Amino acid sequence: MPALSERALERRLKRHVLKATHSFFAPCAPGFEAVLEAELKTLPDVTLESTERGGVSFSGPLDTVYHANLRLRTAHRILLRLDDFLAQSYPTLFNRISRLAWEHYLGFNKTYALKVSAKTSRVRHHKNIAETVHSGVLKALEPHGLNPVLSEDAPLEFHIRLFQDRCTVSLNTSGEHLHKRGYRTHISQAPIRETLAASALMSVDSPSYDLIFDPMCGSGTLLIEAALLAKNKVPGLSRTFAFEAMPSFQRSKWERFKLEATKEQMPPDTQFLGNDSDAATIAAARDNATRADVTELIKFQSGLAESLNVPSQGRSLLLSNVPYGERLGSKEEVKAKLQGFAIHLAQNYAGWDYAFVTKDTAWLESAELKPERTHPFQNGGLNVFLGTGKIPN
C-alpha cells in the first residue's frame, strides 16, 4: 500500500468523517447534568442520547465539535467517541484498536497522547494498556506510511477507559479543561472554577436579575461569568482547542462560527457589583474582568461585606462563594464571620434573593435565612452546596 497522501486523506475524511453523525460525551460537575442538558439543546443538530452522573452523551455532525467547545459553559471537555467494545484480554484490545481508522483522527500528526483509566476490568494495568493501544495504532497506520510516537504534551489526546471489561476510546477535542476560558490569570486563595460558576448561575437564571452583588467576590469569577452570560458572550472565544490539530479541522469554518457568535453579543440589562475586603484581590478581579472584556459591566470596590448596605434595584441577587473554613482562617473564625454576615443580611437586604456556594447552611439558618433549595456538588474536592432563597421582608 502506498503512503497516504494529503489528497487521499481529504477524500477519506469527506466520505467517513465530515458527513457522518458522531457520538460525543460531555462530562460536567455531578449535580449539574440538567443544566448541561439545557445547554446542549441549544446547539444545532444535536440529539441527546443519555445522561449519567457527571455527564451527558449526545450525537451530532462533526460541526458539533466546534459548537460545543465554543459555546458550552458548564461542560468540562468534549469527548468524541471513537469506539466501544468488550476487551477481556490484551490480544482482544490490540485487535480492536488496530481496526480503527486512526488516520481519520491523527492524520499526519507525528505525536499523540494517551490517557488510560481502568476499573473492575481484567485488563487493568495502565502501562500495559498504553503499550497495547500504541501497538494497535501503529499496526493501523504503518501501511499508510505513518509512525506517530507517544508524547505527553502532544496536542491530540486519546482517552482509553476500561470499565467492567468494556473499553471506550475517545478523542479529547477540547485539550485543556474548558474552565480555562483564557481570562483568569489572577486566582484568589479559594477560587471556584469557571464551569462551576456558570453552572450555578444558569441554575438560578442569573440574566433575569436587574442587579447582582457579590460581597465576597475574590478574583471575580462568579461576577465575570454572570456578565459573560448576560452579555451572551460565548466562553470559548479567547482560547485554542485540541480539535485545531485534527486532520478534519477546517480553519475557515471555525473562524466563521466564532464571528457568528461574536455578532450575537448584546448589552446586558443587569448591573454587577463586586466587593472584597482585600484591595489587591479587587485589583486582580479587575484585571480578570478586563481580559474577559466585561470590565465596563462590573463595578468593583473594597470593603467589609458585613458593613455594606447596597440598595436593591428591581429584582436583585446576592451571590457569593463564601469561605468554607478549610483554607482561609480557622473554622471557628469563619463560622463567626459568616454568622455575623447572615445577621447583617437579614437586617439590610430584605427582599433580595440569594445564591451562596457554601460548605454548610448553618450560618444562614442562624439568622432564620434557611435556603429554600440546596444543590450539592463538589468544588476543589470539597462537598459544598449552592443554597438559594429569599431574605424575608
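Look above for the structure.
Reference entry: report on the structure contained in this document. (Residues numbered from 1 in each chain as written. Predicted model: local features only at pLDDT ≥ 70, side-chain atom pairs only at ≥ 80, totals over all residues. Heavy atoms only, no water.)

**Describing the overall build of the protein chain**
Counting its regular elements, the protein chain contains 12 helices and 15 strands. The C-alpha atoms of the protein chain give a radius of gyration of 24 Å, which matches the 21 Å a tight globule of 393 residues would have. Per-residue burial for the protein chain yields a buried fraction of 53% across its 393 residues. Of the contacts formed within the protein chain by residues at least 6 apart in sequence, a portion of 78% connects residues at least 24 apart. Charge-centre separation for the protein chain: the mean point of 47 positive side chains lies 6 Å from the mean point of 43 negative side chains. (Helix = DSSP H or I, 4+ residues; strand = E, 2+ residues; numbered from the N terminus. Rg over C-alpha atoms; globule rule 2.2 N^0.38 Å. Buried < 20%, exposed > 50% of the residue type's maximum accessible area, 1.4 Å probe, protein only. Contact = heavy atoms within 4.5 Å. Lys, Arg positive; Asp, Glu negative; His and termini not counted. Charge placed at Lys NZ, Arg CZ, Asp CG, Glu CD.)

**Considerations on the nonpolar core**
Within the largest apolar cluster, 59 residues are counted, with the highest numbers of intra-cluster contacts made by I78, L93, W102, F158 and V169. Filtering out sequence-adjacent residues up to four positions away, W102 remains in contact with I97, G107, V137, A140, L141, F158 and V169. (Core = buried A, V, L, I, M, F, W, Y, C linked by side-chain atoms within 4.5 Å.)

**A word on the packing of aromatic side chains**
Geometrically, a pair of aromatic rings is defined through the distance of the ring centres and the angle of the planes. As enumerated under the stated definition, the model contains 18 aromatic pairs in all. Where Y354 meets F356, the ring centres are 5.4 Å apart and the plane angle is 20 degrees; that geometry is what we call stacked. As far as burial versus exposure is concerned, Y354 and F356 are alike and both buried. Chaining the aromatic ring pairs together yields one cluster made of Y66, F241, F243, F249, W254 and F257. The ring of Y209 carries R315 above its face, with NZ or CZ at 4.0 Å from the centroid. (Phe/Tyr/Trp six-rings, centres within 6.5 Å; stacked < 30°, edge-to-face > 60°. Lys NZ or Arg CZ within 6 Å of the ring centre and 35° of its normal.)

**Remarks on helix α4 (residues 90–99)**
Among all positions of α4, only L93, I97 and S98 are buried. Within α4, the buried residues cover an arc of 120 degrees as seen down the axis, which keeps them to one side. Opposite the buried face of α4, by more than 90 degrees, sit the exposed residues P91 and R99. Buried residues along α4 sit in contact with β4 (79–86), α6 (126–141) and β8 (166–172). (Arc of directions from axis to C-beta.)

**A short note on the environment of H125**
Inspection of the secondary structure puts H125 in the loop between β5 (111–119) and α6. Classification of H125 as partly exposed rests on a relative accessible area of 44%. The spacing of H125 and A101 is 24 residues in sequence and 25 Å in space, taken between C-alpha atoms.

**Section: the packing of helix α7 (residues 194–203) against helix α8 (residues 221–231)**
Contact geometry of α7 with α8 gives a least axis separation of 9 Å together with a crossing angle of 60 degrees. In terms of orientation, α7 and α8 fall into the oblique class. For the pair α7 and α8, the sense of crossing is right-handed. Together, E194, A197, A198, L201 and M202 of α7 and T221, L222, E225, A226 and L229 of α8 make up the contact between the two elements. Classifying every residue of the contact of α7 with α8 gives 7 nonpolar, 1 polar and 2 charged. (Axes fitted to C-alpha atoms, helices over the stretch in contact; angles between N-to-C directions. Parallel < 35°, antiparallel > 145°, perpendicular 65-115°, else oblique. Left-handed = near helix turned anticlockwise from the far one by under 90°. Nonpolar A, V, L, I, M, F, W, Y, C, P; charged D, E, K, R; others polar.)

**Quick look at unusual backbone geometry**
Negative phi values dominate among residues other than glycine, just as trans dominates among peptide bonds. One non-glycine residue, T120, adopts positive backbone phi at about 45 degrees. Note on placement: T120 falls in the loop between β5 and α6.

**Description of the pairing of strand β14 (residues 373–379)**
Inspection of the sheet shows β14 paired to strand β15 (residues 382–390) by 7 bridges, in the antiparallel sense. Residue pairing across strands places T374 opposite G387, the latter belonging to β15. Here β14 hands over to β15 after 2 residues, with G380 in that stretch at a positive phi of 60 degrees. (Pairing = 2+ DSSP bridges.)

**Considerations on the side chain of T270**
Inspection of the secondary structure puts T270 in the loop between α9 (251–263) and β10 (271–276). Using a relative accessible area of 6% as the deciding quantity, one classes T270 as buried. In terms of polar contacts, T270 uses its side chain to reach the backbone carbonyl oxygen of Y209, at 2.7 Å. Apart from the residues within four sequence positions on either side, T270 is in contact with S206, P207, Y209, D210, L211, I212 and A230. (Polar contact = N/O pair within 3.5 Å; in protein donor to acceptor, adjacent residues only side chain to side chain.)

**Notes on the sheet that holds strand β7 (residues 157–163)**
Taken in spatial order, the 8 strands make up an open sheet running β2-β3-β1-β4-β8-β7-β5-β6, and their pairing is mixed. The sheet is open, and its two borders are formed by β2 (47–52) and β6 (149–150), each paired with just one other strand. Relative to β4, strand β1 (residues 21–27) runs antiparallel, the two sharing 3 bridges. In the strand pairing of β4, S23 is matched with R81. Of the strands in this sheet, β1 and β3 (55–61) are in contact with helix α3 (residues 64–71), which crosses β3 at around 140 degrees.

**Topic: helix α2 (residues 33–40)**
Those residues of α2 that sit buried are E33, V35, L36, E39 and L40. In an axial view of α2, the angular spread of the buried residues amounts to 160 degrees, which keeps them on one side of the axis. In the core, the buried residues of α2 are packed alongside β1, β2, β3, α3 and α7.

**Some remarks on the packing of α3 against α9**
Contact pair α3 / α9: the axes reach a minimum separation of 11 Å and the direction vectors enclose 40 degrees. As far as their axial angle goes, α9 and α3 are oblique. Crossing angle aside, the handedness with which α3 passes α9 is right-handed. Between α3, through Y66, H67, L70 and R71, and α9, the contact on the second element is made entirely by K253, W254, F257, K258 and A261. Taken together, the residues that form the contact of α3 with α9 break down as 5 nonpolar, 1 polar and 3 charged.

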